[in-house]
Every structure is written in structure tokens, then in C-alpha cells.
Amino acid sequence: MMTLLACLPMLAGGALGAVALRRAWRSPAAKGAGYRTLGWAVIVATLVWPAFLLGDTRGPFIAVAMLSVAALAVVATGATVRTGRAGKTGRAGRASDSLAPEPLDRPTTRWRSILRWLLAGPIGMIAAMAVGICYAVWVPGEAQTRLLIGGLIVPVVWGGAMAWTLADNRIIRATAVLVGTALTGFGLAILKGFA
């Protein structure tokens with residue numbers, strides 16, 4: 001019964017965080033910073049407080065599930081269905097005019113290719129390891145459970161870093177975020193130490 005009652009605030013927190021992040025996405029940069037801060041603060045709080053109420057192991061996992069459901073519901077409310085445009089047909093007979101935005105056709109240089117490869121590979125892996133180690137150090141619970149979950153987080157974060165790095169046209173922003181994530185994660189882990 002306690003778990004069911006705790007799910008409602010988790011759903012509300014997930015929905016509030018997703019709405020704030022969506023407003024940050026749609027707002028101008030200066031106004032969006034407040035929404036972005038609020039959204040991430042609510043999401044982090046929604047992930048942390050269930051550990052104290054439902055236990056070290058069950059609480060965060062239930063919070064992740066409820067937060068994902070709430071965020072998906074918020075995203076689904078903004079979905080619109082559009083009809084396809086009649087356009088030119090390509091060699092395969094499909095319409096070449098797509099509703100999906102195309103990536104920018106920017107001429108690539110050797111240094112950009114090398115940096116993108118480094119960000120998707122080793123730098124992304126180091127940032128993912130920093131997140132996994134920081135999780136294992138700071139989250140309460142048994143040491144074996146924290147190490148296992150931290151290890152399982154690493155490939156997921158690394159995959160996200162790869163996808164984002166290869167899709168983002170602003171390579172300097174991706175570099176700053178991944179290097180900052182690695183430094184912050186390892187720094188926080190060093191501050192507390194594994195116990």
C-alpha cells in the first residue's frame with residue numbers, strides 16, 4: 001500500500017519535471033534557464049527521495065519507472081499527426097520531401113572527424129564511467145548492489161553519449177558537456193570515497 005501511495009508523487013514529480021523541461025526547450029535562452037533548472041531539480045529530487053521512503057534498492061527503481069511513464073505521458077500530449085506532403089519521388093519511388101528535419105550538410109574537416117570519433121568513443125566512455133562510479137559511491141545501499149547498478153549504467157550512458165555526439169552539429173558543446181560530466185563525476189566520487 002505504501003508503494004502505491006508513493007507512486008502518485010513520483011508521477012507528479014516526473015510530469016512536473018517533464019513540463020518544465022519542455023517549456024525550457026520552447027522558451028528563449030534567458031527565460032528557459034529557469035525552467036531547465038527547475039525541471040532537472042524536480043527530476044533529481046523525484047529520483048532521490050523514494051530511496052529514503054521505500055528503501056535503498058526498490059525506491060530508485062520504482063522512481064525511474066514512474067518518472068519515465070509521466071514524462072512519456074507529457075511528451076504524448078504534445079504529439080501531432082500530420083499528413084505527408086506530396087513531393088518529388090526519388091529512385092525508390094518514395095517521396096523525397098520528408099517531414100523529419102535533415103541534419104545540416106556541413107563540410108567536415110579532419111579535426112572535426114577526429115574529435116567526433118574521440119567524443120563518441122573514449123571520451124564518452126570515460127564520462128559514462130564517471131557517472132557509474134559516482135552512482136556507486138553516492139547512492140545508499142549494499143556495496144555489491146551499488147557496484148552492479150553502476151556497472152549497468154555505464155553502457156547506457158555511453159550509448160547516449162555516442163548518439164548525442166554523432167547527432168549534434170555543435171561539437172564544442174558536446175566536448176564541454178562530456179568533459180564536464182567526466183570531471184564532475186570523478187570529482188564527486190573522490191570527495192566521498194567508496195565505503
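Residues numbered from 1 in each chain as written. Predicted model: local features only at pLDDT ≥ 70, side-chain atom pairs only at ≥ 80, totals over all residues. Heavy atoms only, no water.

A. How the structure looks around the overall build of the protein. Secondary structure assignment for the protein yields 6 helices and 0 strands. Reading the protein from its N terminus to its C terminus gives the helix and strand order α-α-α-α-α-α. Looking at the protein as a whole, 28% of its 195 residues qualify as buried. Summed over its atoms, the accessible surface of the protein is roughly 13,000 Å², and 71% of this surface lies on carbon and sulfur atoms. (Helix = DSSP H or I, 4+ residues; strand = E, 2+ residues; numbered from the N terminus. Buried < 20%, exposed > 50% of the residue type's maximum accessible area, 1.4 Å probe, protein only. Areas by Shrake-Rupley, 256 points an atom, 1.4 Å probe, with all protein chains shown as cover.)

B. Region of the structure containing the nonpolar core. Grouped together as the largest cluster of nonpolar side chains are 8 residues: Leu-115, Leu-119, Ala-127, Ala-161, Ile-171, Ala-174, Leu-178 and Ala-182. Put simply, the parts of the chain that give this core at least two residues each are α4 (110–138) and α6 (171–192). Looking at this core, the element that brings in the most residues is α6, giving 4 residues. Ignoring anything within four residues of it in the chain, the contact list for Ala-174 reads Leu-119 and Trp-164. Counting residues in hydrophobic clusters, the runner-up holds 7 residues, among them Ala-6, Cys-7, Ala-63 and Met-66. (Core = buried A, V, L, I, M, F, W, Y, C linked by side-chain atoms within 4.5 Å. Contact = heavy atoms within 4.5 Å.)

C. Structural detail: the packing of helix α2 (residues 29–54) against helix α3 (residues 58–77). In the contact formed by α2 and α3, the axes pass within 7 Å of each other and the chain directions differ by 140 degrees. Every pair of crossing elements has a handedness; the one defined by α2 and α3 is right-handed. Between α2, through Ile-43, Thr-46, Leu-47, Pro-50, Ala-51 and Leu-54, and α3, the contact on the second element is made entirely by Arg-58, Gly-59, Pro-60, Ile-62, Ala-63, Val-64 and Leu-67. Of the residues belonging to the contact of α2 with α3, the class tally is 10 nonpolar, 2 polar and 1 charged. (Axes fitted to C-alpha atoms, helices over the stretch in contact; angles between N-to-C directions. Left-handed = near helix turned anticlockwise from the far one by under 90°. Nonpolar A, V, L, I, M, F, W, Y, C, P; charged D, E, K, R; others polar.)

D. Broad picture of α2. The terminal C-alpha atoms of α2, which comprises 26 residues, lie 38 Å apart, in line with the 38 Å expected from a rise of 1.5 Å per residue. Along α2, the positions that sit buried rather than exposed are Gly-32, Gly-39, Val-42, Ile-43, Thr-46, Pro-50, Ala-51 and Leu-54. Elements that come into contact with the buried residues of α2 comprise α1 (2–26) and α3. Just past α2, the residue Gly-55 takes up positive phi, approximately 115 degrees. (Expected span 1.5 Å × (residues − 1).)

Note that all results are geometric; they support no functional claim without further evidence.
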